[in-house]
Amino acid sequence: RSGRDVLPSTELTAANYMVYSVTCREPDTLDSSTVQNYAAGQSLWHDMVREQTGLPLVNPYKTRRVRRLMKHLTEHYKKPSKAKKPWSISQLRAMYHRGFKPTRAGRHQALVLMFSNVGMMRRNASRRLRVKYRVVNGKVRYSRSSPVRVIRVPRRRPYIHAIISADKNVTSKKRRDVYMPDRVRRLRIRCVDMLEEYILRERPPSGGYLLAAPLGRSGFRVNPYTNHHAAFKAAYARSHPAATDASNFGSGSARKAMAQWLWAAGWAKRVIADAGGWFSKKSAVDLYFKTEPARIMHAIRNVGRTRGMNRR
């Protein structure tokens, strides 16, 4: 506002900027973690300019006084978290069984919840799931190239395999494979049956979006579904009419819930990260292995029971 150049910064300018950001910035103050990120960017600018020009440029963000100030702001200017909470097993069990109307829209929204919860999918991932199939003698036959399909192996339980191509931490060279068991005992849901009963009854377009919203008596919208938050919120209100904490939950609460349940059951962080597609820092040896799908599905099928692996 003064019309003076602020880069390169002095120690005083950097300190004033940081204090202003957390105390009197308009229209709203910043969280100290956000200020820390901005400061890191400006610190990098000073280092790059010094390296490229050879000038004896002092980086104010690396001085002792500014680092001490940043530490103080981090400890005392943390804004309340706006992160949504995960649902409990009993809450989601009620939502599955009492939260959705027996209509096309209700059955669709219940399936959206299942992929978000059991599949631990982010909204952007689940909304772009596609399925390729045909119905033969009243049974679903999946194309081998179908990104979503039920795998049936003799003498083993069937399971859902979904390939995610659009999501966080997913690239053209690094896809995410999701494995969902035939059922989740504590939730009292049968995942494979839910999927195939929906396909047989509603007939989503083969090759199209599996979770596209139903339209009319038999049609579907052509665009990906985006109404996760409203659908889950309505299901929670319907299944918990006396609840007053609906604002604590959001579209990501179902995904967070499964991760929380697995952690409470004693499963290792690596298993949970592999199951849910979370990034985790890995050592060199970690790059050579992944959690087996059978172990992931065993953990999810029996979630709520403390029979998992020890944390490590």
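Shown above is the structure to which this text applies.
Because the structure is a prediction, the values reported are computed rather than measured.

Student: Could you clarify how one ought to interpret the overall build of the protein in this entry?
Tutor: In terms of helices and strands, the protein carries eleven helices and seven strands. Relative to its length of 312 residues, the protein is extended, with a C-alpha radius of gyration of 25 Å against a globular reference of 20 Å. Counting all 312 residues of the protein, 42% fall into the buried class. Considering only contacts within the protein whose residues lie at least 6 apart along the sequence, 64% involve residues at least 24 apart. With an accessible surface of roughly 18,700 Å², the protein has 51% of that area assigned to carbon and sulfur atoms. Taken together, the 64 basic and 19 acidic charged side chains of the protein have centroids lying 8 Å from each other.

Student: Explain the sheet that holds strand S3 (residues 148-151) here, please?
Tutor: By way of backbone hydrogen bonds, the strands of a sheet pair with one another, either parallel or antiparallel. Across the sheet, which stays open at both edges, the three strands sit in the order S3-S4-S5 with antiparallel pairing between neighbours. The sheet terminates laterally at S3 and strand S5 (176-180), the two strands that pair on one side only. Each strand of the sheet is rotated relative to its neighbour by a mean of 25°, with strand direction disregarded. In this structure, S3 lies alongside strand S4 (residues 159-164), joined through four bridges in antiparallel fashion. Note on S4: the bridge partner recorded for Arg149 is His161.

Student: It is not clear to me how the pattern of salt bridges should be interpreted in this structure. Could you clarify?
Tutor: For side chains of opposite charge, pairing can occur when their charged atoms come near one another. Scanning the model with the defined rule gives twelve salt bridges in all. The salt bridge involving Arg104 is made with Glu202; its shortest N-O contact spans 2.7 Å. One end of the pair, Arg104, is in helix H5 (residues 104-117); the other, Glu202, is in helix H7 (residues 191-202), and 98 residues separate them in sequence. Given the relative accessible area of 11%, Arg104 is considered buried. On the accessibility criterion, Glu202 (7% relative accessible area) is buried. Put simply, Asp47, Arg50 and Lys62 are held in one network by salt bridges that share partners.

Student: Got a minute to help me understand a nonpolar patch on the surface in this structure?
Tutor: Nonpolar side chains collect at one region of the surface, where Val6, Leu7 and Trp45 lie side by side and expose about 260 Å² of accessible area between them. When you line up the elements, Leu7 lands in the segment before helix H1 (11-23). On the accessibility criterion, Leu7 (36% relative accessible area) is partly exposed.

Student: Quick question: what am I supposed to make of the nonpolar core here?
Tutor: Burial of nonpolar side chains together is a common tendency in soluble globular proteins. Residues Leu92, Met114, Phe115, Val118, Ile160 and Leu195 are the most contacted members of the largest nonpolar core, which totals 64 residues. Apart from residues lying up to four places away in sequence, Leu92 is in contact with Trp87, Leu113, Asn117, Leu187, Ala254, Ala257 and Trp261. One finds Ala14, Val66, Leu69 and Leu73 within the second-largest nonpolar core, a separate group that totals twelve residues.

Rules used in this analysis
- Residues numbered from 1 in each chain as written.
- Predicted model: local features only at pLDDT ≥ 70, side-chain atom pairs only at ≥ 80, totals over all residues.
- Heavy atoms only, no water.
- Helix = DSSP H or I, 4+ residues; strand = E, 2+ residues; numbered from the N terminus.
- Rg over C-alpha atoms; globule rule 2.2 N^0.38 Å.
- Buried < 20%, exposed > 50% of the residue type's maximum accessible area, 1.4 Å probe, protein only.
- Contact = heavy atoms within 4.5 Å.
- Areas by Shrake-Rupley, 256 points an atom, 1.4 Å probe, with all protein chains shown as cover.
- Lys, Arg positive; Asp, Glu negative; His and termini not counted.
- Charge placed at Lys NZ, Arg CZ, Asp CG, Glu CD.
- Pairing = 2+ DSSP bridges.
- Axes fitted to C-alpha atoms, helices over the stretch in contact; angles between N-to-C directions.
- Salt bridge = Lys/Arg side-chain N within 4 Å of Asp/Glu carboxyl O.
- Patch = residues over 30% accessible without salt bridge, like charges linked within 9 Å, V, L, I, M, F, W, Y side chains within 5 Å.
- Core = buried A, V, L, I, M, F, W, Y, C linked by side-chain atoms within 4.5 Å.

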